[in-house]
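One letter stands for each residue in the lines below.
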Number of protein chains: 2
Amino acid sequence: MAHGEGDECMENGMDGLVPREMERNSSSFFEDKEMGMKEPLLRRRITTNTTSQLAIVGTNVCHIESLDYEIVENDLYKEDWRSREKIQIFQYVVLKWTLALLIGVSTGLVGFFNNLAVENIAGFKLLLTSNLMVENRYHEAFMMYAGCNLILAAAAAALCAYLAPAAAGSGIPEVKAYLNGVDAHSILAPSTLFVKILGSIGGVAAGFVVGKEGPMVHTGACIASFLGQGGSRKYHLTWKWLRFFKNDRDRRDLITCGAAAGVAAAFRAPVGGVLFALEEAASWWRSALLWRTFFTTAVVAVVLRTCIDFCRSGRCGLFGQGGLIMFDLSSSITTYGTPDLIAVVGLGIVGGLFGSLYNFLVDKILRTYSIINERGAPFKILLTVAISLLTSCCSYGLPWLVKCTPCPPDAQDQCPSIGRSGNYKNFRCPPNHYNDLASLFLNTNDDAIRNLFSGGTDNEFYISSLFIFFVGVYCLGIVTYGIAIPSGLFIPVILSGASYGRLVGTILGPMSKLDKGLFALLGAASFLGGTMRMTVSVCVILLELTNDLLMLPLIMLVLLTSKTVADCFNKGVYDQIVKMKGLPFLETHAEPYMRNLVASDVVSGPLITLYGIEKVGNIVNALKLTGHNGFPVINEPPFSDAPELCGLVLRSHLLVLLKGKRLFTKDRVPTGSSDVLRRFGAFDFAKAGSGKGVKLGDLDINQEEMEMFVDLHPITNRSPYTVVETMSLAKAAVLFRDLGLRHLCVVPKTPGRPPIVGILTRHDFMQEHILGLFPNIKQHR
Amino acid sequence: MAHGEGDECMENGMDGLVPREMERNSSSFFEDKEMGMKEPLLRRRITTNTTSQLAIVGTNVCHIESLDYEIVENDLYKEDWRSREKIQIFQYVVLKWTLALLIGVSTGLVGFFNNLAVENIAGFKLLLTSNLMVENRYHEAFMMYAGCNLILAAAAAALCAYLAPAAAGSGIPEVKAYLNGVDAHSILAPSTLFVKILGSIGGVAAGFVVGKEGPMVHTGACIASFLGQGGSRKYHLTWKWLRFFKNDRDRRDLITCGAAAGVAAAFRAPVGGVLFALEEAASWWRSALLWRTFFTTAVVAVVLRTCIDFCRSGRCGLFGQGGLIMFDLSSSITTYGTPDLIAVVGLGIVGGLFGSLYNFLVDKILRTYSIINERGAPFKILLTVAISLLTSCCSYGLPWLVKCTPCPPDAQDQCPSIGRSGNYKNFRCPPNHYNDLASLFLNTNDDAIRNLFSGGTDNEFYISSLFIFFVGVYCLGIVTYGIAIPSGLFIPVILSGASYGRLVGTILGPMSKLDKGLFALLGAASFLGGTMRMTVSVCVILLELTNDLLMLPLIMLVLLTSKTVADCFNKGVYDQIVKMKGLPFLETHAEPYMRNLVASDVVSGPLITLYGIEKVGNIVNALKLTGHNGFPVINEPPFSDAPELCGLVLRSHLLVLLKGKRLFTKDRVPTGSSDVLRRFGAFDFAKAGSGKGVKLGDLDINQEEMEMFVDLHPITNRSPYTVVETMSLAKAAVLFRDLGLRHLCVVPKTPGRPPIVGILTRHDFMQEHILGLFPNIKQHR
């Protein structure tokens, strides 16, 4: 599934009536060879017009088809609907809920497995290291520690680089783009799923400052896609019943459920998962979806709970009760006064600044790394190894800088702790002493967060230690995102935010009555608000993590402040990555400058139209010459009084029709739609999985057949949405976006001209395209 | 503001190109004299066509104008936008957030005041009653109790009946309809706000089985509307700066914030408030709204917290810590096994059945009561008084049926308690004994719920007492909704659900390890799921109420079960009330039978069009003859090559133009849009508040002026959304709904005909309208 084989997506290629160079494989950010430092990937690519087929073959960004509405009007779909309603509606509903259940169960199990593996591997690694340290064999301990990290990191990077480059990174931007209608290459393929799971375990266990949350969201989406397609056809796992779900809408609904399940599994936050899907992931939302997503995340919660109950008796090795991050803060005092509120707002402002700086630096780092990554798989692994060594050095080396602290007499946890995770790490201190920096650095990320959040331990950490940890984690988090492993952004952000918050809390000292653990939580919230720019979902996730509702107003306040501050500087980190990857993401709102343009301004010829009953040769040529996914169909006399727009026919449907050959006629005569239904199966025209449809190369049409005719009416969408050419572009954009269209026909205002002016597609609404046509439009008023 | 004065809404009257009898006042359900028992109000009304102005004057259901997009294209609006962007964008943003802040603060304060008043009045009432009982003066105690209730109830009903009939009932259906685009008469008027606040206090304090949640939502919406309009012009409270918000979109956003703030204030559930606004209230959602709503509810939470802190020292009379319902369940054990899960699912199934039965009975009761209510205000008061007496008899009489119970030695609360709220009510028992039924009945609703939810008190209530209470509260809740007081549905449903759950829990006894208080919570969840059909928001509200996240999976499970079961029988209670009130609510999804119709099927003439430069007399006639809110404008030669659709002009804009008279010309010549701008203020054409625009009667045009011409181009929306006449009605409905349109132009498919076929409006998509035209369409396939 490496790049270059991208012809799978051919039938889903870029739309647009200007034949343009199709995009090359950008499934993984790191794959792109000609990526620049300063400009988004997209703008560079749209350079020259070429109509050769090669350009089409190179395509890999497939658009999801629009909502059902776009195809509902062709006769065939009506037939589908009819048959479905008569006998299979029950089957459909049952399947829908069964799938939601299955997604929930699988994602829950995968999430649990992920945690189990990480806890055991990382715990074992830490155990070995500290055993060596106890024997004062510090060099060997470091070798052991760094070696383990290195092996795990290299394994994860190798998997990623060779097997599924799309599995690198967070995955949330890609899922978000998919739900917006951009189907990046192999982003939901089974191989990606496989690598994402294993790579995430390797990456987190290797001690990187990365999280498992983004990867879990991606994993959930992959699982949903896998189950919804009835498994992989490549590996002969298809399940025929699932043909009902072979349309974009059902598929997108499943992916949304999967993404929500991923968050629910990562954070044990079922409501947070639903809200995440609503606030961040989904571009189109329906209330029915709320309901189904909620069900899926509830299943995840039950599955996780069952698994953890199973492990409570110690049957899961080193997997402890805190395997899934869950910080119980409910003990801490939550009364606060005006000075506390001021402190919290200040925390939010600085958190917002740090958060937007984080986004800025991540952007820079990603662009720098891509230069290395695009040189090939070995370089990716090399980079990962280098970062792994850096991380190991920091984790093992920095704790040497601080001195040992005597254990507090009233410590609730064991002090000092030796071995795996836990608070009050002994490191190389005398008995009854602990190294506070080692408690943070030489630990799993989850445990470090737990230690930072822990309440009633106000004097555990020195200001200097917290400062070192904050700087270290902030920098490590930035340099780590971008290497070729599945890496979430939540945990680095929470980690640096929590250390920042605790640092502020410790500096304020007795000036604030708030618990230092609560300060850490608020710091984490401020960083999350500053980078992710999510509000309600982050708030609910934090609530579900910490299990205390009394601090809700404080969390809301800090989130509001930090998001407001950060919004002054740049966009959210996921939006930024989407943009940088050059995915044609459609924004919710029309840009103000679109008000000064009309629809026909951005649409441009030559327009290729087909007649209602068209010569086969012409169709094949049209398919060969362009990469368009939709062709307008014109009726001319004698089939109508005057030339009129009959509708829109999709490339994929044309290919199925041509492949079937069953409706070719010698003369220009209409064939009824009943004929089509008799000769084609009801689901022949259903949307195939990503890259699984009929290809142009599959057609085998001889010269004689080229001269025959075929009636396109039965497969034509008879009522496509249209706008008049003088419609303002802003309003056309609203129509296009809100209805989730893929093609929007532009018709002339005055009669007496050809019945269609052009077709607006996603790319015509992209800022790059419009600025290319009207460079000064933004200045114009 | 009683019915009959409804000409205020004239410019917002029903749309539709068939002149039809306009709807009569249905601002309050109980106002309608000709309401039938079996059919919705709407169908009866659309009976005869009349083009007289009288029909228009009677109208009262005003549609909110569509989203900005509909008017964005006329020159004037562009100018607005331009001036706004240049100098006032900052002012706008600051105002937007200030308004959100103000809404939050006011709603929080009102919510607190509401609680304070209720607790003090009801507490004082209960104190007097129990003091008399301690002296064995039982008859006097009853007289005192029933008398207080009666006075409060009559006062609330009198306010409602005479001052603001729209304040009766929950208010959530009306707010929901408003956000869908249906502006029912005076539903957000200042008088409604006033009565809603006082009436709700009276109703709850009178011991009715009603809640303050629905009224709080309505109150929040009214406050938002009041603030957003810059106060009431009637009472000279207008604030000029707020002219920016004189458009539908900003107004709707404010109302959404207000509704969310209302829930947040009622339940102290800020996140629940946001989700309620998202899941139940809003029809169109934007992510920017999430953000602002979240801010508003956060403010509410902070305000409430501050107020409660203020009261903690006892400065608020009888207002206790539990003034705002908040049940701390976190002490109860939350481990559960498979039998518990089965019990929970069973609870959900039966809860769903009871919930849908509740909806069915509420529907029946509302229809019955309306016969009484429509006879006039005295009858409304009489009905309220009757129900008040019934409630008093039940509350005071039923506890006599059960015997006294000795106080448990380990009771955490005082036992027995005398006086106001509390657990373990003494009633007429010997010392150290309590009457368990009196603890529920002779108490405030909030305290009754708290007692039912209380954990660790497994044996407090007998099965028989719980059964009596369940039956009593279930029936009282049903007969109470529909009387002329502000009455929420949440508390009755939670109350009966909690007693049902606790009953089931007590019956199961030792078979389940779950706490009985938890059973009560789950029962409440099952009833809420069964009646309201909300999922995520109810779940989060319950979580925020009970402050325990560990039982989340159980609550989710029970909600899912009960909603699924109840959905088999009928719709949610709010949807049902919206339908019964005959509000033309636009559903999210197109109905399946719409697939068999095309746009031109439901549109019907005669169509009244205006020319681009039209004679004043013709415009006045068009305005007089029809109640249409939009008129298509046609350009004819010599102003265009062929007759073409220029756009759509709104009735309200025409009225402003005619009232101004400044642009009348002797000849048919175009006036530039700059002329309009020079002669009219920038905000003259902004949407006036409900019923505050120019009326047809305000025009004073003499015969000479009638013969003059006026150029409509500057106020014409030049690019209205259009569909071809052969577009399937289902797709047209999707377009209409998703874009929030008010008018949708239907254009001919083939040239050579008039450039517009008709205009689709909200009513053309109503089932009643379509079934009137095609009675058998539902059977057709």
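Here, every reference points to the structure presented above.
Bear in mind the structure is a predicted one, so any value in this text is a computation, not a measurement. (Residues numbered from 1 in each chain as written. Chains lettered and ligands numbered in written order. Predicted model: local features only at pLDDT ≥ 70, side-chain atom pairs only at ≥ 80, totals over all residues. Heavy atoms only, no water.)

This next bit is on the pattern of salt bridges. Within the structure shown, the criterion is met by 30 salt bridges over all chains. A salt bridge links R292(A) to D253(A), with the nearest nitrogen and oxygen atoms 3.3 Å apart. Within this pair, whereas R292(A) is found in helix α10 (residues 287-311), its partner D253(A) is found in helix α8 (residues 248-267), the two being separated by 39 residues in sequence. Both residues of the pair, R292(A) and D253(A), belong to the buried class. The salt bridge partner of K563(B) is D567(B), with a shortest N-O separation of 3.2 Å. Taken together, the positions of K563(B) and D567(B), both in helix α19 (residues 552-567) and four residues apart, correspond to about one turn of that helix. (Salt bridge = Lys/Arg side-chain N within 4 Å of Asp/Glu carboxyl O. Helix = DSSP H or I, 4+ residues; strand = E, 2+ residues; numbered from the N terminus. Buried < 20%, exposed > 50% of the residue type's maximum accessible area, 1.4 Å probe, protein only.)

Residues and elements named next belong to chain A. Scanning the model with the defined rule gives two disulfides over all chains in all. The residue that forms a disulfide with C404 is C429, at a sulfur-sulfur distance of 2.0 Å. Between C404 and C429, the disulfide has an S-S torsion of -90° and is therefore left-handed. One end of the pair, C404, is in the loop between α12 (377-397) and β3 (405-406); the other, C429, is in the loop between β3 and β4 (433-434), with 25 residues separating them in the sequence. C404 sits in the partly exposed class, given a relative accessible area of 25%. (Disulfide = S-S within 2.5 Å.)

We now examine the nonpolar core. Counting 297 residues, the largest nonpolar core has I555(A) and I555(B) as its most contacted members. Each residue touching I555(B), except ones within four places of it in the same chain, is listed here: L521(B), L522(B), A525(B), C539(B), L542(B) and L543(B). Grouped together as the second largest cluster of nonpolar side chains are 52 residues, L760(A), L597(B), V723(B) and L744(B) included. (Core = buried A, V, L, I, M, F, W, Y, C linked by side-chain atoms within 4.5 Å. Contact = heavy atoms within 4.5 Å.)

This next bit is on unusual backbone geometry. Backbone geometry at R268(A) places phi at a positive 55°, although glycine is not the residue there. Looking at where R268(A) falls in the secondary structure, it is placed in the loop between α8 and α9 (270-281).

Further remarks concern the environment of L442(B). All names here are of chain B. Relative to the helices and strands, L442 resides in the loop between α13 (436-441) and α14 (445-453). Linking L442 and G207, residues 235 residues apart in sequence, is a C-alpha distance of 8.7 Å. Other than its neighbours up to four places away in sequence, L442 contacts L126, M133, Y145, S395, Y396, K425, F427 and L437.

To continue, consider the pairing of strand β11 (residues 744-747) of chain A. Consecutive side chains of a regular strand alternate in pointing toward one face of the sheet and then the other. Residue and element names in this part refer to chain A. Here β11 shows no split at all, with L744 and V746 on one side and C745 and V747 on the other all buried. By the bridge criterion, three bridges tie strand β10 (residues 722-724) to β11 in an arrangement that is parallel. Looking at β11, one finds that V723 is bridged to V746. Sheet topology note: the β11/strand β12 (residues 758-760) ladder contains three bridges and is antiparallel. Residue pairing in the sheet places V746 in a bridge with G758 of β12. (Pairing = 2+ DSSP bridges.)

A few words now on the sheet that holds strand β11 (residues 744-747) of chain B. Residue and element names in this part refer to chain B. Judged by pairing direction, the sheet is mixed, and its three strands sit side by side in the order β10-β11-β12 without closing on themselves. Of all strands in the sheet, those bounded by a partner on one side alone are β10 (722-724) and β12 (758-760). When the angles between neighbouring strand axes are averaged without regard to direction, this sheet yields 35°. Sitting on the sheet, helix α26 (residues 729-738) touches β10, β11 and β12, and the angle it makes with β11 is about 150°. (Axes fitted to C-alpha atoms, helices over the stretch in contact; angles between N-to-C directions.)

This part takes up the sheet that holds β10(A). Residues and elements named next belong to chain A. Across the sheet, which stays open at both edges, the three strands sit in the order β10-β11-β12 with mixed pairing between neighbours. Each of the sheet's edge strands pairs with one partner strand only, and the pair in question is β10 and β12. Each adjacent strand pair in this sheet contributes to an overall mean axis angle of 35°, direction not counted. Together, β10, β11 and β12 form the strand contacts of helix α26 (residues 729-738), whose direction differs from that of β11 by roughly 150°.

Moving on, we come to helix α10 (residues 287-311) of chain B. Given 3.6 residues to a turn, an α-helix orients residues that are three or four positions apart in the same direction. Over its 25 residues, α10(B) extends 37 Å from the first C-alpha to the last, a length consistent with the 36 Å expected when each residue adds 1.5 Å. Counting buried positions along α10(B) gives 19 out of 25 residues, so the element sits mostly inside the fold. (Expected span 1.5 Å × (residues − 1).)

It is worth spelling out the pairing of strand β8 (residues 644-650) of chain B at this point. Residue and element names in this part refer to chain B. In terms of residue burial, β8 counts as a mostly covered element, since seven of its seven residues are buried. Of the strand pairs in this sheet, strand β7 (residues 630-635) and β8 are connected by six bridges, and their pairing is antiparallel. The residue of β8 that forms the bridge with F631 is V649.

Here we come to helix α8 (residues 248-267) of chain B. Over its 20 residues, α8(B) runs 29 Å from end to end, which matches the ideal 28 Å to within 8%, given 1.5 Å per residue. A large share of α8(B) lies buried, amounting to 20 of its 20 residues.

Glancing now at a nonpolar patch on the surface. Together, F113(A), L163(A), F194(A) and L198(A) make up a nonpolar patch on the protein surface, roughly 360 Å² of accessible area in all. Of note, L163(A) is situated in helix α4 (residues 138-163). (Patch = residues over 30% accessible without salt bridge, like charges linked within 9 Å, V, L, I, M, F, W, Y side chains within 5 Å. Areas by Shrake-Rupley, 256 points an atom, 1.4 Å probe, with all protein chains shown as cover.)

Bringing the packing of α4(A) against α12(A) into the picture now. Residues and elements named next belong to chain A. Between α4 and α12, the shortest axis-to-axis distance is 8 Å and the interhelical angle comes to 150°. Put simply, α4 runs roughly antiparallel to α12. Crossing hand, α4 versus α12: right-handed. Split into classes, the residues belonging to the contact of α4 with α12 amount to 19 nonpolar, five polar and one charged. (Parallel < 35°, antiparallel > 145°, perpendicular 65-115°, else oblique. Left-handed = near helix turned anticlockwise from the far one by under 90°. Nonpolar A, V, L, I, M, F, W, Y, C, P; charged D, E, K, R; others polar.)

So, on to the packing of aromatic side chains. Residue and element names in this part refer to chain A. A full pass over the atoms with the stated rule returns 36 aromatic pairs over all chains. Taken together, the aromatic side chains of F354, Y358, F470, Y474, Y500 and F527 make up a single cluster linked through ring pairs. Cation over ring: R737 sits above W284, and NZ or CZ is 5.1 Å from the ring centre. (Phe/Tyr/Trp six-rings, centres within 6.5 Å; stacked < 30°, edge-to-face > 60°. Lys NZ or Arg CZ within 6 Å of the ring centre and 35° of its normal.)

All we've got here are geometric facts, nothing functional implied.
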